[in-house]
Amino acid sequence: MRPQPALAELRAQIARIEGRSQRVRSALPFGLAEVDARLPDGGLALGALHEIAGGGNGVVDGAAAALFAAGIAARTKGKVLWCITQPDLFAPALDKAGLRPDRVIYLRAGDQTSVLACMEEGLRHGGLGAVVGEVAHLSMKASRRLMLAAEGTGTIGLALRRWRRQADSMDFGQPTSSATRWRVSVLPSTPLPVPGLGRHRWLVELIRARAGESADFELEACDAKTGRLNLPAELADRPGAANDRLRRAAG
Amino acid sequence: MVTAADAAAQAMGLRAGTPVAKAQALVAGLVVRDADPVGDSEALERLALWMLQRFSPIVAADQPDGIVIDSSGADHLHGGEAAMLDALIGRLAMSGVEARAAVADTWGAAHALARYAASPTFIAEPEHGAAVIAPLPIAALRLPPAMPAELRVLGLERIKDLLSQPRAPLALRFGPEPGRRIDEALGRSAEPIEPIRLPELAETRRVFAEPISAAETIARYIEKLVVALCAILEQRGQGARRLDLICQRVDNRTEAVRVGTARPVRDAKRLTRLLCDRIETIDPGFGIETMTLCATLAEPLTPRQSATTLIEEAEPDISDLIDTLANRVGERAIYRAAPVASDVPERCVRHIPALAPETGETWPDAWPRPARLLLRPEPIETIALLPDHPPVSFTWRGVRRRVARADGPERVFGEWWARDAEMAAVRDYFRVEDDTGERFWLYRAGDGEDPATGSHRWFIHGIFG
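Residues numbered from 1 in each chain as written. Chains lettered and ligands numbered in written order. Predicted model: local features only at pLDDT ≥ 70, side-chain atom pairs only at ≥ 80, totals over all residues.

Trainee: Just to check I follow, could you spell out the overall build of chain A for this structure?
Mentor: Check the secondary structure of chain A and you find nine helices and ten strands. Counting every position in chain A, which comprises 251 residues, the buried fraction comes to 45%. A separation threshold of at least 6 residues defines the contact pool for chain A, and within that pool the share at least 24 residues apart is 66%. (Helix = DSSP H or I, 4+ residues; strand = E, 2+ residues; numbered from the N terminus. Buried ≥ 20, exposed ≤ 12 C-beta atoms within 10 Å, placed from the backbone. Contact = placed C-beta atoms within 7 Å.)

Written out as structure tokens, the structure reads:
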């Protein structure tokens, strides 16, 4: 993208009005130029709340969304607090997404309210790398609280939206104050020349980004070492075909 | 005389109260020892202290053979009343003590239920009223030793018989005792528990000239008490692992708050914060007139040099966060996952305390594992070739899916060295992907050839992302 001085000045002005100019704004890059270029700070803003949901059946099981969150958390420093209400998260899978078991502290809360309260407590503390919470309903007020808690310390907050029923996921359209909003759906895996399953692929949709535009990406799932996502080989090598496929994926 | 009889003795026909001569006649080679009531009572006090340190802030010995615990405000730390009783009985059984326990609204009712209804535990519904204790024998009511026999002479055997009697003639004949005990068991008159306190525990106390009740005032005095307590702990070179705040109300009821820490702590600010988090659970009623803060469990805290290296940043200390969260959701609800050397997926994770030292261990095998593991494998209907092909299609929760790609099998053998039933058991796991790209973890019980290895039915066990 070409640098646009007028736009940059406007952003600076808005930032002044919002009163956040004193804080050091930093971001956690994905390490993929295509994705990072679409995000306003060149990566996921640290000290902010981000929402992640699954697509299709993923709104109920939230499996891909959990791995996407694990990949982000794996690239932060320090321990990760993972607040859950349902005990079906399988710890070895997080290890396979780059998040070592020593780094994750699980917290099993009885209900949504205490998940949100514990997330806020974790974000306020400042000693953690990331705080992940599985929540269904996230109100404007609750998300604002989490956002403020995260802004104060620079810890990244990830709200993993997961609903009991498919129909409840209409809730994802409601406005919240999170910085970005993602939807991760599964795609058929990378084809292999032999029978078997290749590296998993996701359609990652950036539905909303504060001070940025939304975008769709077709990505390969987190790798086991560092939790990095990857651009599928055929897309990386042939940009023309990539655009074609992206459009198809978006439609 | 036989003073007490356990299950083995009862099987031989011995009862509490049997004369020695009769007992010796019943059991050949019986060894007779003198009863040691003082020693028993001391042992009971020691046991009560152990429970005070582990289970609840208000514990007292209920001589001669029981311990009474006020569990309100402490059971959630153990995962509810049932889990707490199970843990209590289990811990006692491990140290060779056979015990029975009951939870009820009042001391009297719990006393009766523990002795006459629990096997080995009994939990009465809150607001249970008289119905729970009505069918129990009169001896359950803590009356003087001879009185149940006298009442039986009058034809009163069960508590319900006594409940239906008019009070005045009973009081005339037996004194105030039966009426008082019934009122206590039914909660009509208060019966405070005088908790045991030992001189070796660090304790600070504050008596107010005027009863206090505002949350801010309570918070202020908590801070003062914590500072005083920390001074005592510092003299002893100790840090608190468990703190009890006991508030005595003007209506002679006590409200207790217990907080725990994962490591010994002597930081006044941190302890104040932990206690102030729980102010909302204190019901001040008409006001609090005495506050007592006690370090029930204290451990040596040696001064440590904080690591200052030029090379690497110190790992931020999150033990205070863990304490705050653990006091909110319970100690067991906050944990880390550690690997167990087992190929069976549901057994390969165990929970360790959140602040356990880091081991660097991970799951050794490089096989992919699903992000969501179903609590119980769910049966599915499949079309599959035996013995070693993945399914062509399967139906789960009423949705039929065609398998586009699959990988497997990964064979998991039963742990025959640990469990006899799994001698021949086998599971063949397959990763399958349907047309839309959703990936599942399926398995077939059995190796597909030998019926001894499993039923050859198919199950779904997890969902990949």
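Trainee: In this structure, what is going on with the sheet that holds strand S6 (residues 238–249) of chain B? I would like to understand it.
Mentor: By way of backbone hydrogen bonds, the strands of a sheet pair with one another, either parallel or antiparallel. Residues and elements named next belong to chain B. Strand order in this open sheet of four strands is S5-S8-S6-S7, and the pairing throughout is antiparallel. Two strands bound the open sheet, and with one partner strand each, they are strand S5 (202–212) and strand S7 (254–265). Strand after strand, the sheet turns through a mean of 15° between neighbouring axes, direction not considered. Contacts between helix H10 (residues 215–236) and the sheet are confined to S5, S6 and strand S8 (288–300), with S5 contributing the most and set at about 155° to the helix. (Pairing = 2+ DSSP bridges. Axes fitted to C-alpha atoms, helices over the stretch in contact; angles between N-to-C directions.)

Trainee: Explain helix H9 (residues 177–186) of chain B to me, please; I cannot follow it from the model alone.
Mentor: For an α-helix, 3.6 residues make a turn, and residues three or four places apart therefore share a direction. All names here are of chain B. The complete set of buried residues in H9 reads Pro178, Arg181, Ile182 and Ala185. The arc that holds the buried residues of H9, viewed along the axis, is 100°, so those residues lie on one side. Looking at the buried positions of H9, the neighbouring elements they touch are helix H5 (107–116), helix H7 (159–163) and helix H8 (167–174). Looking one or two places after H9, you find glycine 187, whose phi comes out positive at around 80°. (Arc of directions from axis to C-beta.)

Trainee: Please clarify how the nonpolar core should be interpreted in this entry.
Mentor: In globular proteins that are soluble, nonpolar side chains generally tend to be buried together. Judged by nonpolar contacts, the single largest core of 100 residues is most densely connected at A:Leu67, A:Ala69 and A:Leu107. In terms of residue count, the dominant contributor to this core is helix H4 (residues 63–74) of chain A (eleven residues). If you look at the next biggest cluster of nonpolar residues, it comprises 61 residues, including B:Ile133, B:Ala140, B:Leu245 and B:Leu293. (Core = buried A, V, L, I, M, F, W, Y, C linked by C-beta atoms within 7 Å.)

Trainee: When you look at the interface of chain B and chain A in this model, what are you seeing that I'm missing?
Mentor: Many analyses report the size of an interface as the accessible area lost when the parts associate. Across the boundary between the two partners, chain B contributes 44 residues, which contact 42 residues of chain A. Where the side of chain B that touches chain A is concerned, the elements lending two or more residues are helix H12 (319–329), strand S9 (334–339), strand S11 (372–384), strand S13 (399–413), strand S14 (426–434) and strand S16 (458–463) of chain B. Considering every element that reaches the side of chain B that touches chain A, the biggest residue donor is S9(B), with six residues. Here the residues of the side of chain B that touches chain A are counted per class, giving 24 nonpolar, eight polar and twelve charged. Relative to S9(B), strand S5 (residues 104–108) of chain A runs antiparallel, the two being bridged by two bridges. Looking across to S9(B), one finds that A:Leu107 is bridged to B:Ile334. (Nonpolar A, V, L, I, M, F, W, Y, C, P; charged D, E, K, R; others polar.)

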